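Structure assessment
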Amino acid sequence: MKTAMVWGAGGGIGTAVTQQLISAGWQVAALGRGVEQWEGVATCAIEVQDTADDAAVRRAIREATYELDRVDLWFYGVGDIVASPTATLTVAQWNQMLAANLTGAFLTTQHSLPLLADKAHLMYVGAIHERLRLPGLGAYAAVKAGLEAFAEALRKEERGKKVTVFRPGAVATPFWDKVPLRLPKDAMSAELLASKVLAAYEGEQQGVVDFTH
Ligand SMILES: NC(=O)c1ccc[n+]([C@@H]2O[C@H](COP(=O)([O-])OP(=O)(O)OC[C@H]3O[C@@H](n4cnc5c(N)ncnc54)[C@H](OP(=O)(O)O)[C@@H]3O)[C@@H](O)[C@H]2O)c1
(Lines give C-alpha, C1' and ligand atoms only; values in the text may rest on other atoms or scores of the structure.)
Protein backbone atom coordinates (compact mmCIF):
# COMPACT_ATOMS: atom_id res chain seq x y z
CA MET A 1 0.00 0.00 0.00
CA LYS A 2 1.33 3.46 -0.91
CA THR A 3 1.78 6.04 1.81
CA ALA A 4 1.38 9.82 1.74
CA MET A 5 2.00 12.68 4.12
CA VAL A 6 -0.23 15.72 3.53
CA TRP A 7 0.60 19.01 5.25
CA GLY A 8 -2.30 21.46 5.27
CA ALA A 9 -4.82 18.61 5.22
CA GLY A 10 -7.44 20.90 6.78
CA GLY A 11 -7.20 23.50 3.99
CA GLY A 12 -9.18 23.60 0.76
CA ILE A 13 -6.60 21.97 -1.50
CA GLY A 14 -5.16 19.75 1.26
CA THR A 15 -8.62 18.37 2.04
CA ALA A 16 -9.22 17.42 -1.60
CA VAL A 17 -5.78 15.81 -1.91
CA THR A 18 -6.23 13.84 1.32
CA GLN A 19 -9.70 12.70 0.27
CA GLN A 20 -8.60 11.51 -3.17
CA LEU A 21 -5.60 9.65 -1.82
CA ILE A 22 -7.73 7.85 0.78
CA SER A 23 -10.34 7.00 -1.89
CA ALA A 24 -7.55 5.58 -4.05
CA GLY A 25 -6.52 3.28 -1.19
CA TRP A 26 -3.50 5.17 0.10
CA GLN A 27 -2.40 5.30 3.73
CA VAL A 28 -2.39 9.01 4.57
CA ALA A 29 -0.96 11.02 7.45
CA ALA A 30 -3.00 14.25 7.57
CA LEU A 31 -1.18 17.13 9.28
CA GLY A 32 -1.88 20.80 9.81
CA ARG A 33 -4.59 23.03 11.22
CA GLY A 34 -8.15 21.76 11.52
CA VAL A 35 -7.38 18.13 10.72
CA GLU A 36 -9.93 16.65 13.16
CA GLN A 37 -12.13 15.74 10.15
CA TRP A 38 -9.53 13.04 9.36
CA GLU A 39 -9.56 11.31 12.75
CA GLY A 40 -10.53 7.69 12.15
CA VAL A 41 -10.58 8.32 8.39
CA ALA A 42 -6.91 8.90 7.57
CA THR A 43 -4.14 6.69 8.95
CA CYS A 44 -3.42 9.46 11.43
CA ALA A 45 -4.49 13.07 11.94
CA ILE A 46 -1.96 15.32 13.64
CA GLU A 47 -2.72 18.93 14.54
CA VAL A 48 0.08 21.37 13.72
CA GLN A 49 -0.87 25.00 14.29
CA ASP A 50 2.27 26.47 12.76
CA THR A 51 4.54 24.66 10.34
CA ALA A 52 7.19 27.32 10.98
CA ASP A 53 7.46 26.07 14.60
CA ASP A 54 10.47 23.78 14.53
CA ALA A 55 9.60 21.89 17.73
CA ALA A 56 5.98 21.38 16.69
CA VAL A 57 7.01 20.01 13.30
CA ARG A 58 9.54 17.61 14.86
CA ARG A 59 6.90 16.43 17.36
CA ALA A 60 4.32 15.85 14.63
CA ILE A 61 6.72 13.87 12.47
CA ARG A 62 7.78 11.75 15.45
CA GLU A 63 4.08 11.00 16.08
CA ALA A 64 3.56 10.14 12.40
CA THR A 65 6.41 7.61 12.52
CA TYR A 66 4.33 5.49 14.94
CA GLU A 67 1.89 4.92 12.08
CA LEU A 68 4.01 5.13 8.91
CA ASP A 69 7.40 3.73 8.12
CA ARG A 70 8.12 5.37 4.77
CA VAL A 71 6.45 8.01 2.67
CA ASP A 72 6.00 7.74 -1.12
CA LEU A 73 4.12 10.99 -1.76
CA TRP A 74 4.74 14.08 0.34
CA PHE A 75 2.51 17.12 -0.22
CA TYR A 76 2.79 20.64 1.23
CA GLY A 77 -0.57 22.41 0.92
CA VAL A 78 -0.08 24.96 3.72
CA GLY A 79 -0.17 28.58 2.64
CA ASP A 80 -1.29 32.04 3.57
CA ILE A 81 -1.82 35.39 1.87
CA VAL A 82 -2.19 38.99 2.96
CA ALA A 83 -2.93 41.60 0.32
CA SER A 84 -1.42 44.94 1.22
CA PRO A 85 0.83 47.49 -0.44
CA THR A 86 4.37 47.68 0.88
CA ALA A 87 3.64 51.06 2.47
CA THR A 88 1.19 49.50 4.93
CA LEU A 89 2.23 45.83 5.17
CA THR A 90 3.27 45.14 8.75
CA VAL A 91 6.27 43.04 9.66
CA ALA A 92 3.85 40.63 11.39
CA GLN A 93 1.95 40.16 8.10
CA TRP A 94 5.20 39.71 6.18
CA ASN A 95 6.36 37.08 8.69
CA GLN A 96 2.97 35.34 8.59
CA MET A 97 3.33 34.82 4.83
CA LEU A 98 6.96 33.82 5.12
CA ALA A 99 6.09 31.31 7.87
CA ALA A 100 3.27 29.50 6.08
CA ASN A 101 4.64 29.51 2.54
CA LEU A 102 8.39 29.26 2.97
CA THR A 103 9.76 28.55 6.47
CA GLY A 104 7.09 25.91 6.96
CA ALA A 105 7.93 24.31 3.62
CA PHE A 106 11.59 24.18 4.62
CA LEU A 107 11.08 22.74 8.13
CA THR A 108 8.50 20.12 7.16
CA THR A 109 10.71 19.04 4.27
CA GLN A 110 13.88 18.87 6.34
CA HIS A 111 12.36 16.85 9.17
CA SER A 112 10.48 14.53 6.80
CA LEU A 113 13.53 13.55 4.74
CA PRO A 114 14.49 10.56 6.91
CA LEU A 115 10.96 9.16 6.48
CA LEU A 116 10.87 9.43 2.69
CA ALA A 117 11.15 6.44 0.39
CA ASP A 118 14.21 6.52 -1.91
CA LYS A 119 12.03 7.44 -4.88
CA ALA A 120 9.57 9.61 -2.95
CA HIS A 121 7.80 12.47 -4.71
CA LEU A 122 7.71 15.85 -2.90
CA MET A 123 5.07 18.32 -4.04
CA TYR A 124 4.47 21.99 -3.25
CA VAL A 125 1.79 24.47 -4.28
CA GLY A 126 3.28 27.62 -5.71
CA ALA A 127 1.67 30.24 -7.86
CA ILE A 128 2.46 31.83 -11.21
CA HIS A 129 4.30 34.54 -9.33
CA GLU A 130 5.39 36.38 -12.48
CA ARG A 131 1.69 37.25 -12.96
CA LEU A 132 1.30 38.27 -9.31
CA ARG A 133 3.80 41.13 -9.35
CA LEU A 134 0.92 43.48 -8.79
CA PRO A 135 0.16 46.24 -6.28
CA GLY A 136 -0.62 44.69 -2.90
CA LEU A 137 0.69 41.25 -3.79
CA GLY A 138 4.44 41.84 -3.70
CA ALA A 139 5.05 39.82 -0.55
CA TYR A 140 2.95 36.86 -1.74
CA ALA A 141 4.69 36.87 -5.14
CA ALA A 142 8.06 37.03 -3.37
CA VAL A 143 7.43 34.04 -1.09
CA LYS A 144 6.10 31.94 -3.98
CA ALA A 145 9.16 32.81 -6.07
CA GLY A 146 11.26 31.77 -3.07
CA LEU A 147 9.38 28.50 -2.74
CA GLU A 148 10.09 27.67 -6.36
CA ALA A 149 13.80 28.41 -5.94
CA PHE A 150 13.92 26.27 -2.80
CA ALA A 151 12.25 23.37 -4.60
CA GLU A 152 14.60 23.59 -7.56
CA ALA A 153 17.68 23.39 -5.34
CA LEU A 154 16.10 20.52 -3.35
CA ARG A 155 15.55 18.59 -6.61
CA LYS A 156 19.29 18.82 -7.27
CA GLU A 157 20.17 17.78 -3.70
CA GLU A 158 17.81 14.82 -3.38
CA ARG A 159 18.74 12.83 -6.47
CA GLY A 160 16.44 9.88 -7.01
CA LYS A 161 13.47 11.70 -5.50
CA LYS A 162 11.07 13.80 -7.53
CA VAL A 163 10.16 17.39 -6.67
CA THR A 164 7.21 19.21 -8.21
CA VAL A 165 5.81 22.71 -7.78
CA PHE A 166 2.22 23.03 -8.97
CA ARG A 167 1.32 26.53 -10.12
CA PRO A 168 -2.45 26.51 -10.50
CA GLY A 169 -4.64 29.38 -11.57
CA ALA A 170 -7.45 30.29 -9.18
CA VAL A 171 -8.76 27.38 -7.10
CA ALA A 172 -12.12 27.67 -5.33
CA THR A 173 -11.13 27.36 -1.65
CA PRO A 174 -11.47 29.45 1.53
CA PHE A 175 -8.10 31.00 0.61
CA TRP A 176 -10.03 33.63 -1.31
CA ASP A 177 -11.77 34.78 1.89
CA LYS A 178 -8.37 36.13 2.97
CA VAL A 179 -8.08 38.69 0.16
CA PRO A 180 -10.33 41.54 -0.99
CA LEU A 181 -10.69 39.94 -4.42
CA ARG A 182 -13.58 38.11 -6.03
CA LEU A 183 -13.05 34.44 -6.90
CA PRO A 184 -12.81 34.30 -10.72
CA LYS A 185 -15.78 32.59 -12.38
CA ASP A 186 -13.49 30.12 -14.12
CA ALA A 187 -11.72 29.03 -10.91
CA MET A 188 -10.98 25.33 -10.87
CA SER A 189 -12.09 23.02 -8.10
CA ALA A 190 -9.70 21.75 -5.46
CA GLU A 191 -10.71 18.24 -6.59
CA LEU A 192 -9.30 18.95 -10.06
CA LEU A 193 -6.00 20.02 -8.55
CA ALA A 194 -6.00 16.89 -6.39
CA SER A 195 -6.48 14.71 -9.47
CA LYS A 196 -3.41 16.41 -11.00
CA VAL A 197 -1.43 15.55 -7.88
CA LEU A 198 -2.25 11.87 -8.28
CA ALA A 199 -1.56 12.03 -12.02
CA ALA A 200 1.82 13.69 -11.40
CA TYR A 201 2.71 10.92 -8.97
CA GLU A 202 1.66 8.19 -11.40
CA GLY A 203 3.36 9.92 -14.35
CA GLU A 204 6.48 10.87 -12.34
CA GLN A 205 5.96 14.44 -13.53
CA GLN A 206 8.37 16.84 -11.86
CA GLY A 207 9.60 20.40 -12.15
CA VAL A 208 7.18 23.30 -12.38
CA VAL A 209 3.67 22.37 -13.50
CA ASP A 210 1.38 25.22 -14.59
CA PHE A 211 -2.32 24.81 -15.26
CA THR A 212 -5.47 26.90 -15.10
CA HIS A 213 -8.06 24.19 -15.74
N1 LIG B 1 -6.75 28.87 -3.79
C2 LIG B 1 -6.08 29.36 -4.81
O3 LIG B 1 -6.64 30.02 -5.72
C4 LIG B 1 -4.60 29.10 -4.94
C5 LIG B 1 -3.98 29.40 -6.16
C6 LIG B 1 -2.60 29.19 -6.29
C7 LIG B 1 -1.88 28.68 -5.21
N8 LIG B 1 -2.53 28.40 -4.03
C9 LIG B 1 -1.71 27.89 -2.93
O10 LIG B 1 -2.24 26.64 -2.52
C11 LIG B 1 -1.92 26.42 -1.14
C12 LIG B 1 -3.17 25.93 -0.41
O13 LIG B 1 -4.16 26.93 -0.55
P14 LIG B 1 -5.70 26.67 -0.32
O15 LIG B 1 -6.40 27.30 -1.46
O16 LIG B 1 -5.97 25.24 0.03
O17 LIG B 1 -5.90 27.61 0.96
P18 LIG B 1 -6.62 27.32 2.37
O19 LIG B 1 -7.93 26.67 2.13
O20 LIG B 1 -6.58 28.63 3.09
O21 LIG B 1 -5.63 26.26 3.05
C22 LIG B 1 -4.39 26.64 3.58
C23 LIG B 1 -4.21 25.93 4.91
O24 LIG B 1 -2.94 26.32 5.50
C25 LIG B 1 -3.22 26.68 6.87
N26 LIG B 1 -2.16 27.53 7.38
C27 LIG B 1 -1.91 28.85 7.14
N28 LIG B 1 -0.79 29.23 7.78
C29 LIG B 1 -0.33 28.14 8.45
C30 LIG B 1 0.79 27.89 9.26
N31 LIG B 1 1.72 28.85 9.54
N32 LIG B 1 0.97 26.65 9.79
C33 LIG B 1 0.07 25.67 9.53
N34 LIG B 1 -1.01 25.84 8.75
C35 LIG B 1 -1.20 27.06 8.22
C36 LIG B 1 -4.57 27.33 6.81
O37 LIG B 1 -5.14 27.46 8.08
P38 LIG B 1 -6.12 28.74 8.35
O39 LIG B 1 -7.30 28.53 7.43
O40 LIG B 1 -6.41 28.62 9.80
O41 LIG B 1 -5.35 29.96 7.97
C42 LIG B 1 -5.30 26.30 5.92
O43 LIG B 1 -5.64 25.14 6.66
C44 LIG B 1 -1.37 27.76 -0.63
O45 LIG B 1 0.03 27.67 -0.58
C46 LIG B 1 -1.75 28.76 -1.70
O47 LIG B 1 -0.81 29.81 -1.80
C48 LIG B 1 -3.85 28.60 -3.88
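Located above this text is the structure these notes cover.
Along each chain, the written sequence defines residue order, and numbers are assigned to residues from 1. In keeping with the model being predicted, local features are shown solely for residues with a pLDDT of at least 70 and side-chain atom pairs are shown and tallied solely at 80 or more, while totals for entire chains, interfaces and linings include all residues. No hydrogens and no water enter the side-chain calculation; it runs on all heavy atoms of the structure.

Observations regarding helix α5 (residues 190-202)
Spanning 13 residues, α5 covers 19 Å between terminal C-alpha atoms, matching the ideal 18 Å at 1.5 Å per step. Relative accessible area decides the class of each residue, using a 1.4 Å probe on protein chains only: under 20% of the type maximum gives buried, over 50% gives exposed, and in between gives partly exposed. Secondary structure elements follow DSSP: runs of H or I no shorter than four residues count as helices, runs of E no shorter than two count as strands, and numbering proceeds from the N terminus. Taken together, the buried positions of α5 are occupied by Ala190, Leu193, Ala194, Val197, Leu198, Ala200 and Tyr201. Looking down the long axis of α5, one finds its buried residues gathered within 160 degrees of arc, a one-sided arrangement. Whether two residues are in contact is decided by their heavy atoms: any pair within 4.5 Å suffices. Lining the buried residues of α5 we find α1 (12-23), β4 (71-76), β5 (116-125), β6 (162-168) and β7 (207-211). Just downstream of α5, Glu204 is the residue with a positive phi angle, here 50 degrees. Given a helix with a known number of residues, its expected span is that number minus one, times 1.5 Å. Directions are taken from the helix axis to each C-beta atom, and the arc is the one they span.

Here we look at the sheet that holds β5
The strands making up a sheet associate through backbone hydrogen bonding, with each pair oriented either parallel or antiparallel. The strand order across the open sheet formed by seven strands is β3-β2-β1-β4-β5-β6-β7, and the pairing between neighbours is parallel. Edge strands, defined here as strands with exactly one partner in the open sheet, are β3 (44-47) and β7. Adjacent strand axes in the sheet meet at a mean angle of 15 degrees, parallel and antiparallel pairs treated alike. The pairing criterion is simple: DSSP has to find at least two bridges between the two strands. Pairing geometry for β6 and β7, over five bridges, is parallel. The residue of β7 that forms the bridge with Val165 is Val208. For every element, the axis is a line fit to its C-alpha atoms; helices are fit only across the contacting stretch, and the angle between N-to-C directions ranges from 0 to 180 degrees. Running at roughly 150 degrees to β5, α5 makes contact with β4, β5, β6 and β7 of the sheet.

Observations concerning the nonpolar core
The definition of a nonpolar core used throughout is a set of buried Ala, Val, Leu, Ile, Met, Phe, Trp, Tyr and Cys residues joined through side-chain atoms within 4.5 Å. The biggest cluster of nonpolar side chains holds 30 residues, and the ones touching the most others in it are Ile13, Val17, Leu21, Leu73, Phe75, Met123 and Val197. Those elements that place two or more of their residues in this core are β1 (3-7), α1, β2 (27-32), β4, β5, α5 and β7. Looking at this core element by element, the count peaks at seven residues for α5. What Leu73 contacts, discounting residues up to four positions off in sequence, is Thr3, Ala4, Met5, Leu21, Trp26, His121, Met123, Val197 and Tyr201. Among the nonpolar cores identified, the runner-up in size contains 29 residues, and Ala29, Ala120, Leu122 and Val165 belong to it.

Some remarks on helix α2 (residues 54-65)
With 12 residues, α2 extends 17 Å from end C-alpha to end C-alpha; this agrees with the ideal 16 Å at 1.5 Å per step. Buried within α2 we find Ala56, Val57, Ala60, Ile61 and Ala64. Within α2, the buried residues cover an arc of 130 degrees as seen down the axis, which keeps them to one side. Contact partners of the buried residues in α2: β1, β2, β3 and α3 (91-112).

Regarding the side chain of Ser112
Secondary-structure assignment places Ser112 in helix α3. Polar contacts involving the side chain of Ser112 include one to the main-chain carbonyl oxygen of Thr108, which spans 2.5 Å. Non-local contacts of Ser112, meaning those with residues more than four positions away in its chain, are made with Met5, Trp7, Ile61 and Trp74. Whenever two N or O atoms come within 3.5 Å, that pair is a polar contact, provided that in protein one can donate a hydrogen and the other can accept it, and provided that, for residues adjacent in sequence, both atoms are side-chain atoms.

Remarks on the packing of aromatic side chains
Geometry of an aromatic ring pair is reported as the spacing of the ring centres plus the angle between the planes. A pair of aromatic rings is counted whenever rings of Phe, Tyr or Trp (Trp by its six-membered ring) have centres within 6.5 Å, and the orientation is called stacked for planes under 30 degrees apart, edge-to-face for over 60 and tilted otherwise. In this structure the tally under the stated criterion is six aromatic pairs. Ring centres of Tyr124 and Phe150 lie 6.2 Å apart, and the angle between their planes is 90 degrees; this geometry places the pair in the edge-to-face category. Remark: Phe150 occurs in helix α4 (residues 138-157) and Tyr124 occurs in strand β5; sequence separation between them is 26 residues. Overall, Tyr124 belongs to the buried group, its relative accessible area being 0%. Measuring from centroid to centroid gives 6.0 Å for Tyr140 and Phe175, while their planes differ by 50 degrees, and the two rings are tilted. Remark: Phe175 occurs in the loop between β6 and α5 and Tyr140 occurs in helix α4; sequence separation between them is 35 residues. On the basis of relative accessible area, Tyr140 is assigned to the buried category, the value being 9%. On the basis of relative accessible area, Phe175 is assigned to the partly exposed category, the value being 22%. Remark: a charge is flagged as sitting over a ring if the NZ atom of Lys or the CZ atom of Arg is within 6 Å of the ring centre and within 35 degrees of the ring normal. Over the aromatic face of Phe211 sits the side chain of Lys196, whose NZ or CZ is 5.0 Å from the ring centroid.

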